[in-house]
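Fold and contact review
Residue strings, one per chain:
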Amino acid sequence: MPAVTVDDILVLPRVSDPDRAVAKDRPVLAVTTAPSAYEGEGFPVRRAFAGVELRALDPFIHMDQMGEVDYAPGEPKGTSWHPHRGFETVTYIIDGTFRHQDSNGGGGLITNGDTQWMTAGGGILHIEEPPEELVISGGLFHGFQLWVNLPSKLKMTAPRYQDIRAGQVALLSSPDGGALLRVIAGEVDGHGGPGTTHTPISLLHATLQPGAQVRLPWRADFNALGYVLAGSGTVGAGDDRRPVRTGQLAVFGAGDVLTFAASNKADGPSEGLDILVLGGEPIREPVAAYGPFVMNTRAELVKAFEDYQAGRLGSIPAQRTEIPTEPHPGHDVL
């Protein structure tokens, strides 16, 4: 980690250092630790948003850190075919390879810094699995999947697929060159990423060298979260600083600036701090979520199940699709 780097960070565009006399630092409201679990056919994940109230996450619903795991030959696992409706899935692979295929014709391999953005909208079936050669050889695998909610007016929008290659992300530097920022979607300080979103959000992966600090300008109308992928450091500024480490999520309050700092010494195998920074414009609508569906009401959930069972969410030739009989962890009706 990480997959996307540069030889000379100082040649990159730099984010501005917000005026401390004018810009307000966002306070840290909470730091939570993600519990471990298993997803799909049995690959290990950390449930990044576990224990955090939905209103603090809005417009996000769910996020899994997948790995980091070094598979032995024959161990890599994925998911079976399954449906989605009412939201978008964002799959970002830092190390390793994953194959996506869906009933709308989208799909392909993602590896080493690639992102696949799938808008389920009114309904889609898809599968995510390691390619056969990775199953045979084993190897390092690490990434995450984020669920981005859609407002009621877009719940039934047409499905859409975006394939974002590692070389397309916007690369930025902190003012002193101590942090590399990869903007995947939305924008940071006027620098836009390649991902096209229905719900206004910003998503970036930051790598801070040991002892480095970065102050990120952040839209005041967006919420803000920071999830530590690797390493250790602090979040927040001044008396509000809180220590964080791998597998922890920081939830920020209102303001204009997000502050992150890496520890002076490496924490385990990771040098510095790798953190996923995300935020968006809250939708502020009721959420009814069960298994693979995220809607606004129970009645819409029932309709989603009926439509799936009737084959209206797509079909896979010569495949039998199994729908979960239990809710996805953390996705009871809300």
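Each value, and the rule that gives it
Residues numbered from 1 in each chain as written. Predicted model: local features only at pLDDT ≥ 70, side-chain atom pairs only at ≥ 80, totals over all residues. Heavy atoms only, no water. Core = buried A, V, L, I, M, F, W, Y, C linked by side-chain atoms within 4.5 Å. Buried < 20%, exposed > 50% of the residue type's maximum accessible area, 1.4 Å probe, protein only. Helix = DSSP H or I, 4+ residues; strand = E, 2+ residues; numbered from the N terminus. Contact = heavy atoms within 4.5 Å. Expected span 1.5 Å × (residues − 1). Arc of directions from axis to C-beta. Pairing = 2+ DSSP bridges. Axes fitted to C-alpha atoms, helices over the stretch in contact; angles between N-to-C directions.

Our focus in this paragraph is the nonpolar core. Judged by nonpolar contacts, the single largest core of 33 residues is most densely connected at F49, L146 and L203. Looking at this core, the elements that each hand over two or more residues are β4 (60–71), β6 (87–95), β11 (139–149), β14 (179–185), β17 (201–208), β19 (225–235), β21 (248–252) and β23 (273–280). Each residue touching F49, except ones within four places of it in the same chain, is listed here: L57, F60, I61, H62, M63, L146, L225, L249 and L278. Counting 28 residues, the second-largest nonpolar core is a separate cluster that includes A179, V183, F252 and F260.

Taking 1.5 Å as the rise per residue, helix α3 (residues 298–309) with 12 residues should run 16 Å; its terminal C-alpha atoms sit 17 Å apart, in good agreement. All of the buried residues in α3 are L301, A304, F305, D307 and Y308. All buried residues of α3 lie within an arc of 165 degrees about the axis, which places them on one face of the element. Of the exposed residues in α3, those oriented more than 90 degrees away from the buried face are A299 and Q309. Packed against the buried residues of α3 are β5 (82–84), β10 (124–129), β24 (288–290) and β25 (293–295). At the C-terminal side of α3, G311 shows a positive phi close to 80 degrees.

Turning next to the sheet that holds β10. By way of backbone hydrogen bonds, the strands of a sheet pair with one another, either parallel or antiparallel. With respect to topology, four strands assemble into an open sheet ordered β5-β10-β7-β8, the strand pairing being antiparallel. Each end of this open sheet is capped by a strand with a single partner; those strands are β5 and β8 (107–111). Direction aside, the axes of adjacent strands within the sheet are offset by 30 degrees on average. For strand β7 (residues 97–102) and β8, the ladder comprises five bridges, and the chain directions are antiparallel.

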